[in-house]
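# Geometric and topological summary
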Amino acid sequence: MNGINEYHNQLLAQHQRRLDERAELEQQMDKFKDLISQLLEDNHPAELERLTGVDDPTCKKAVHQLYMERFNDPDCWHAEQSDDIWVVYGNTTDEWIDENGDYLGFDTKEEAEDYIKETFK
């Protein structure tokens, strides 16, 4: 019985360490998003890697989180044609970046508008 209790205590300690690590990462991401927010006032998201020294996918994922927090209404976005594709642009921001850190292109305006409706229900 003593071995089971010790094993259980180790699992609880391991779980608590993971919770603490996750809380630390979330706190770091919040600070990082504050920096990203300031940089976005004068810079395009494509410049964030150079300005922060943090890899491009991480920067773009932070931009996505900011967009979802601050511009989470379909009226904040519109479809706009760019060459032969349709792109989702913010009314007061740059082009949409999805949760994977990718820019999206659509074949038709309707597809882009449907994406906006589905994303910001």
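Now for a quick tour of the structure. (Residues numbered from 1 in each chain as written. Predicted model: local features only at pLDDT ≥ 70, side-chain atom pairs only at ≥ 80, totals over all residues. Heavy atoms only, no water.)

### A closer look at unusual backbone geometry
Phi angles above zero are rare outside glycine, and aspartate 83 is one such case at about 60°. Mapped onto the fold, aspartate 83 is located in the loop between β1 (77–82) and β2 (85–90). (Helix = DSSP H or I, 4+ residues; strand = E, 2+ residues; numbered from the N terminus.)

### Focus: the nonpolar core
Within the largest apolar cluster, 20 residues are counted, with the highest numbers of intra-cluster contacts made by Ile36, Trp77, Val88 and Trp96. Only α1 (2–40), α3 (56–70), β1, β2 and α4 (109–119) provide two or more residues apiece to this core. Ranked by the residues each element gives to this core, the list is headed by α3, at five residues. Setting aside anything within four residues of it in sequence, one finds isoleucine 36 in contact with Leu48, Thr52, Cys59, Ala62, Val63 and Leu66. (Core = buried A, V, L, I, M, F, W, Y, C linked by side-chain atoms within 4.5 Å. Buried < 20%, exposed > 50% of the residue type's maximum accessible area, 1.4 Å probe, protein only. Contact = heavy atoms within 4.5 Å.)

### Regarding α1
An ideal rise of 1.5 Å per residue puts 57 Å on 39 residues; α1 measures up with 56 Å between its terminal C-alpha atoms. As for α1, its buried residues are in contact with α2 (48–52) and α3. (Expected span 1.5 Å × (residues − 1).)

### Section: the pattern of salt bridges
Per the counting criterion, the structure on display carries seven salt bridges. Taking the shortest distance from any N to any O, the salt bridge between glutamate 47 and arginine 50 comes out at 3.2 Å. We classify arginine 50 as exposed; its relative accessible area is 60%. Notably, a salt bridge pairs lysine 109 with glutamate 113, separated by 4.0 Å at the nearest N-O pair. Here the residue lysine 109 and the residue glutamate 113 both occupy positions in helix α4, the gap between them amounting to four residues, near one helical turn. (Salt bridge = Lys/Arg side-chain N within 4 Å of Asp/Glu carboxyl O.)

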